[in-house]
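# Reading the structure
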Amino acid sequence: MSTSRSSASLRRPAYPRMSPADADRLRSHLTRALGDSKVIAGEDAVFAYAGDESEQEPVLPDAVVLARDPRDVATTLAIASELGAPVTPRGAGTGKSGGCVPVCGGVALAIVGMSAIKEIDRKEQLCVVEPGVVLADLHAAVEAEGLFYPPDPNSLKLCVLGGNVAENAGGPRAFKYGTTRDYVLGLDVVTADGKALVVGRRTKKGVTGYDLTSLLVGSEGTLAVTTACTLRLLHKPESVATLLALYPDIDTAMRGVAEIVGGTSGARGLVPRCLEVMDGTCVAALRSEGFGVDERAGALLILEVDGDVATVERAMEEVGGRAADAGAIEVLAAQDEAQRARLWEARRQFSLVTRKLARAKISEDVVVPRTELTRLVMTVRAIEERHRVRMLTYGHAGDGNLHVNFLWDDPADEPKVELALEELFRAVVALRGTLTGEHGVGTSKAPYLALEQSSELIELQLRIKATFDPKGILNPGQIFPRRGHGSC
Ligand code: MLT
Ligand code: ZN
């Protein structure tokens, strides 16, 4: 977690904490049960567990537990349940919605110490991993076996599977392959009262009982803590090719998106595995970081296709042809693996590159139906002009999922950023879209949940939450507008 930037927790209410005496009790129970080496306390020591990669202000936990195995997780939750103490599970802290900010203090439960790849089964095309496995390590391990795990959030060199499951992580390849939920067959979890539970299956098919696996994926650490994930794998595609299409402006680039997905001409839609967009501000930011992007380009698309060699050649021609027909200045193909890697490095660094543009930045991840992308871009422009807030847009255009970013330097600008943000969310809902496509609601979007969901739906979800976690100790403050919890 970076400590130098400014933090903004727009609309996040102040949550009360445990009393100092209760926090002391919590620490001494944890230390007695788990030993000194697994329990961290003290302001300096716990700071690294206070925030994530969003602009949400960090909050110090009262204690950090470094879990090494499922028993540590169960012990921690049993103690917390008995004492009514909040528990915020956390992976690598790469989240973008404040999902592991322990807003009520209590325990930050770090799962990165459980980091074994327990099994890769080539015949059954599945693997079983602990939640602290780094995603890029899993990619490398399964690819060495000729297999493929598609989800690829841009933090893949840092983020861990437990966090990916909690947030239902996506990434550029989601356009063709879907998100984490599409690959989770089953989960080993510990419930809020410290009981171990196995949900889901190892088989390809299975409809026994409610699909609790799907419910737990994306539940943002509010229902249970994952201790193992059984994941479906695919065969690794034989060949991959990456194209870069340069456009004079974002509107023309969006025409390119529509041409490719079959939105305008009525032609059969194509499904490249990635269809990423960057607007003019993003392109300028890349140039200032030393990436040599053609001066004529005011927007770009990154396109990637995969399959067997013949399929990839045909798809490159089709996708590249449509990108060009929409008004591209140029469509370039990466000539070798090194060029592909450079292109993706530029894309994956993007969140960090844009962070340098201002003291504060919020990156949203709204989704609209793809046919509404052009209208969303127009709306962003109108909001930017009306509120005089610097904004930029990039993201997973193929999914209709755009990272609309708000940038500002002066804390006095926060009220107008807040207005602009709410206007964006209202517009997205009016376009029949959704507030978050991959970062989760967290604490950052909790105040806006009711813009999209009815009070009846929110109440139903709260009843589900209460069934899993009757004392409300798991990750309080997340997803739902403030309700507090037992000791908050
Ligand atoms: C991305 O696509 O780069 C990530 O989701 C992070 C972000 O920029 O918001
Ligand atoms: Zn993204």
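Definitions and cut-offs
- Residues numbered from 1 in each chain as written.
- Chains lettered and ligands numbered in written order.
- Predicted model: local features only at pLDDT ≥ 70, side-chain atom pairs only at ≥ 80, totals over all residues.
- Heavy atoms only, no water.
- Helix = DSSP H or I, 4+ residues; strand = E, 2+ residues; numbered from the N terminus.
- Buried < 20%, exposed > 50% of the residue type's maximum accessible area, 1.4 Å probe, protein only.
- Contact = heavy atoms within 4.5 Å.
- Near = heavy atom within 4 Å.
- Polar contact = N/O pair within 3.5 Å; in protein donor to acceptor, adjacent residues only side chain to side chain.
- Areas by Shrake-Rupley, 256 points an atom, 1.4 Å probe, with all protein chains shown as cover.
- Nonpolar A, V, L, I, M, F, W, Y, C, P; charged D, E, K, R; others polar.
- Donors = N, O, S within 2.8 Å, 3.2 Å for Na, K, Ca; no water.
- Patch = residues over 30% accessible without salt bridge, like charges linked within 9 Å, V, L, I, M, F, W, Y side chains within 5 Å.
- Salt bridge = Lys/Arg side-chain N within 4 Å of Asp/Glu carboxyl O.
- Expected span 1.5 Å × (residues − 1).
- Core = buried A, V, L, I, M, F, W, Y, C linked by side-chain atoms within 4.5 Å.
- Domains from an automatic or database assignment.
- Pairing = 2+ DSSP bridges.
- Arc of directions from axis to C-beta.
- Buried area = accessible area lost by both parts, 1.4 Å probe.
- Axes fitted to C-alpha atoms, helices over the stretch in contact; angles between N-to-C directions.

### Quick word on the side chain of Ser 239
- Positionally, Ser 239 belongs in strand S12 (residues 239-247).
- Assessed through its relative accessible area of 17%, Ser 239 is described here as buried.
- Among residues more than four places away in sequence, those in contact with Ser 239 are Val 305, Asp 306, Gly 307, Asp 308, Val 309 and Val 312.

### Some thoughts on the site of ligand 1
- Near ligand 1 the following residues occur: Lys 96, Asn 154, Arg 347, Ser 351, Ser 363, Tyr 394, His 396, His 403, Glu 438 and His 439.
- Within the side chain of Asn 154, a nitrogen or oxygen atom sits 2.9 Å from an oxygen atom of ligand 1.
- Bound to the protein, ligand 1 loses 93% of the 260 Å² it would expose on its own.
- Looking at the shell around ligand 1 residue by residue, the class counts come to one nonpolar, six polar and three charged.

### Notes on the coordination of the zinc ion (ligand 2)
- Those protein atoms acting as donors to the zinc ion (ligand 2) are His 396 (NE2), His 403 (NE2) and Glu 438 (OE), and they sit at 1.8 to 2.1 Å.
- Sequence spacing of the donors to the zinc ion (ligand 2): H-x6-H-x34-E. Here the two residues His 396 and His 403 agree in accessibility, since each one is buried.

### Details of a nonpolar patch on the surface
- Residues Leu 215, Leu 457, Leu 460 and Ile 464 make up a contiguous nonpolar surface patch of roughly 280 Å² in combined accessible area.
- Along the chain, Leu 457 turns up in helix H16 (residues 455-468).
- Relative accessible area serves as the criterion here: at 36%, Leu 457 is assigned to the partly exposed category.

### What about helix H8 (residues 250-261)?
- With 12 residues, H8 extends 16 Å between its outermost C-alpha atoms, agreeing within 8% with the 16 Å of an ideal straight helix rising 1.5 Å per residue.
- In terms of residue burial, H8 counts as a mostly covered element, since 10 of its 12 residues are buried.
- What H8 keeps buried is the set Ile 250, Thr 252, Ala 253, Met 254, Gly 256, Val 257, Ala 258, Glu 259, Ile 260 and Val 261.
- One or two positions beyond H8, positive phi appears at Gly 262, with a value near 85°.

### Quick notes on the nonpolar core
- Grouped together as the largest cluster of nonpolar side chains are 50 residues, with contacts concentrated most on Tyr 247, Leu 301, Leu 303, Leu 376, Phe 406 and Leu 424.
- Summarising the domain contributions, this core has at least three residues from each of domain 2 (239-338) and domain 3 (358-439).
- Listed in part, the 28 residues of the second largest apolar core include Val 165, Tyr 183, Leu 223 and Phe 468.

### Brief notes about the pairing of strand S19 (residues 401-408)
- Within S19, eight of the eight residues are buried, which leaves it mostly tucked inside the rest of the structure.
- By the alternation rule, side chains of S19 split into Asn 401, His 403, Asn 405 and Leu 407 and Leu 402, Val 404, Phe 406 and Trp 408, which are all buried.
- Inspection of the sheet shows strand S16 (residues 360-363) paired to S19 by four bridges, in the antiparallel sense. Counted as the bridge partner of Ser 363 is Asn 405 from S19.
- As paired strands, strand S17 (residues 366-367) and S19 are joined by two bridges and run antiparallel to one another.

### Focus on unusual backbone geometry
- A positive phi angle, close to 50°, is found at Arg 388, a residue other than glycine.
- Mapped onto the secondary structure, Arg 388 falls in the loop between helix H13 (373-387) and strand S18 (390-396).
- Phi angles above zero are rare outside glycine, and Ile 479 is one such case at about 70°.
- With respect to the secondary-structure elements, Ile 479 resides in the segment after H16.
- What makes Ile 479 buried here is its relative accessible area of 11%.

### Some points on helix H11 (residues 337-348)
- In this model, H11 (12 residues) spans 16 Å end to end at C-alpha, consistent with the 16 Å of a helix rising 1.5 Å per residue.
- Considered for burial, the residues of H11 that qualify are Arg 340, Leu 343, Trp 344, Ala 346 and Arg 347. Down the axis of H11, the buried side of the element spans an arc of 150°, and every buried residue falls inside it. Residues Glu 337 and Arg 342 are exposed on H11 and point more than 90 degrees away from its buried face.
- Between the side-chain oxygen at the start of H11 and the backbone nitrogen of Ala 338 there is a gap of 3.2 Å, and the oxygen is on Asp 336.

### Here we look at the pattern of salt bridges
- Within the structure shown, the criterion is met by 31 salt bridges.
- Here Glu 330 and Arg 296 are joined by a salt bridge, their closest N and O atoms 3.6 Å apart. With a gap of 34 residues between them, Glu 330 in strand S15 (residues 330-333) and Arg 296 in the loop between helix H9 (280-288) and strand S14 (299-307) connect regions that are remote in the sequence.
- Residue classification places Glu 330 among the partly exposed residues on the basis of a relative accessible area of 31%.
- Across the pair Glu 304 and Arg 340 runs a salt bridge, and its minimum N-O distance is 3.0 Å. Taken together, the residues Glu 304 in strand S14 and Arg 340 in helix H11 connect sequence positions 36 residues apart. Assigned by exposure class, Glu 304 and Arg 340 land together as buried.
- Each of Lys 176, Arg 273, Glu 304, Asp 306, Glu 337 and Arg 340 takes part in salt bridges that share partners, so that together they form one network.

### Observations concerning the domain arrangement of the protein chain
- Taken as a whole, the protein chain is organised into domain 1 (117-235), domain 2 (239-338) and domain 3 (358-439).
- Of note, the centres of domain 1 and domain 3, computed from C-alpha atoms alone, are 29 Å apart.
- Each side of the interface is counted separately: domain 1 has seven residues, and domain 3 has six residues.
- Here domain 1 packs against domain 3, burying approximately 520 Å² in sum over the two surfaces, 45% of which is carbon and sulfur.
- The interface formed by domain 1 and domain 3 includes zero salt bridges.

### Quick look at the sheet that holds strand S3 (residues 87-90)
- Overall, mixed pairing links the four strands, which are arranged S1-S2-S4-S3 in an open sheet. Edge strands, defined here as strands with exactly one partner in the open sheet, are strand S1 (39-40) and S3.
- Alignment of strand S2 (residues 63-66) against strand S4 (residues 107-110), held across four bridges, turns out to be parallel. Across the sheet, residue Ala 63 finds its bridge partner in S4, namely Val 107.
- In this fold helix H1 (residues 20-34) packs onto S1, S2 and S4, with an angle of close to 20° to the strand it touches most, S2.

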